[in-house]
Amino acid sequence: MKLVRALALVLLAGVSFAQQPAEQILNTEVPARAGEICMACDKPIGGGDKCYLVEGQRVPVHRANCDDAVRANPLQFLAQLKPRGGLFGGEKAGGGGPVSNAWLLAGLYVLAGLCFAAICSHRALNQGLSPSAWFFAGLFFTAPAYLVLLTRKPQATGVPPGLVKIPATAAPRACPQCGTTNHPLATRCLGCQAPLEPDAVSESPG
């Protein structure tokens, strides 16, 4: 699979090169580095030789014969370039340069995935669904995963244990003497002020 992909990228690069004259393909020259391998003869070049920048990749050549051979038939030699240069971009003229569009889009996709992962897991938790499953669904599928989650019906499974404490209040009770309804934790009747025995111990700090 990798070999097929590499051959396809080389073929696409060859088509794009074939549509351009050598003057346009080899129009950017950068300082040569001694020891780089010449594209034409596979021998090291010196600091005084040439080096072109083609789609972000360096193309070192010896001056005179090797340079003339490459410029005469650039497609034959530039097909040796690694396919990665056409996708993510390699070295930029002048050193450094802006981030390539592919990396920018990849970063935006990851950011959107994290946002939708948090939104999906929160909504899934409130609906009684699996928050971890919907977290990964939102991480990889972003907005489509959230739209699918909106169509799901809430499940009556209750709140997962350990997240929150669900308070429970006992039913109010009537005073045995006057019949006035009092809070189950009341110690004295609101109507006749008679002492009462609370049904439970209050959890309030006061």
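Residues numbered from 1 in each chain as written. Predicted model: local features only at pLDDT ≥ 70, side-chain atom pairs only at ≥ 80, totals over all residues. Heavy atoms only, no water.

Undergrad: Tell me about the overall build of the protein chain, and name the residues and values.
TA: Summing up its helical and strand segments, the protein chain has 8 helices and 4 strands in all. Along the protein chain, from the amino end to the carboxyl end, the secondary structure elements read α-α-β-β-α-α-α-α-α-α-β-β. When the accessible surface of the protein chain is summed, it comes to about 13,800 Å², and 63% of that surface belongs to carbon and sulfur atoms. (Helix = DSSP H or I, 4+ residues; strand = E, 2+ residues; numbered from the N terminus. Areas by Shrake-Rupley, 256 points an atom, 1.4 Å probe, with all protein chains shown as cover.)

Undergrad: Kindly report on the environment of Ala 112, identifying the contributing residues and their values.
TA: Examined against the element boundaries, Ala 112 turns out to sit in helix H6 (residues 101–126). The class of Ala 112 is partly exposed, set by a relative accessible area of 26%. Taking the C-alpha atoms as reference points, Ala 112 and Ala 143, 31 residues apart in sequence, are found 8.4 Å from one another. (Buried < 20%, exposed > 50% of the residue type's maximum accessible area, 1.4 Å probe, protein only.)

Undergrad: Tell me what's going on with the nonpolar core, and back it up with residues and numbers.
TA: In terms of nonpolar packing, the biggest core is built from 18 residues, with Leu 26, Val 54, Val 59, Val 61 and Leu 78 touching the most fellow members. Looking at this core, the elements with two or more residues in it are strand S1 (50–54), strand S2 (57–61), helix H3 (65–72) and helix H4 (74–78). Ranked by residues supplied to this core, first place goes to S1 with 4 residues. For Leu 26, the residues in contact, after removing those within four places along its chain, are Tyr 52, Val 54, Val 70, Arg 71 and Leu 78. Formed by 7 residues, the second largest nonpolar core is a distinct cluster that contains Cys 120, Ala 124, Trp 134 and Ala 145. (Core = buried A, V, L, I, M, F, W, Y, C linked by side-chain atoms within 4.5 Å. Contact = heavy atoms within 4.5 Å.)

Undergrad: Give a description of the side chain of Asp 49 that names residues and reports values.
TA: Inspection of the secondary structure puts Asp 49 in the loop between helix H2 (22–25) and S1. Of the side chains with opposite charge, Arg 63 comes closest to the buried, unpaired Asp 49, at an N-O distance of 5.1 Å. Reaching out from Asp 49, the side chain makes a polar contact with the backbone nitrogen of Gly 46 at a distance of 2.8 Å. A distance of 3.3 Å separates the side chain of Asp 49 from the backbone nitrogen of Arg 63, its partner in a polar contact. (Lys, Arg positive; Asp, Glu negative; His and termini not counted. Salt bridge = Lys/Arg side-chain N within 4 Å of Asp/Glu carboxyl O. Polar contact = N/O pair within 3.5 Å; in protein donor to acceptor, adjacent residues only side chain to side chain.)

Undergrad: Describe the environment of Leu 129, listing the residues and the values that go with them.
TA: Within the secondary structure, Leu 129 is located in the loop between H6 and helix H7 (131–141). Along the sequence, Leu 129 and Gln 155 sit 26 residues apart, while their C-alpha atoms lie 6.5 Å from each other. Sequence-distant contacts of Leu 129, defined by excluding residues within four places in its chain, comprise Ala 124, Trp 134, Leu 149, Arg 152, Lys 153 and Gln 155.

Undergrad: Explain the pairing of S1 to me, and be specific about the residues and the numbers.
TA: Across the 5 residues of S1, 5 count as buried, placing the element largely inside the fold. A two-sided burial pattern is seen for S1, the buried positions comprising Lys 50, Tyr 52 and Val 54 on one face and Cys 51 and Leu 53 on the other. Taken together, the 5 bridges between S1 and S2 define a ladder with antiparallel strand orientation. Within S2, the residue paired with Cys 51 across the bridge is Pro 60. (Pairing = 2+ DSSP bridges.)

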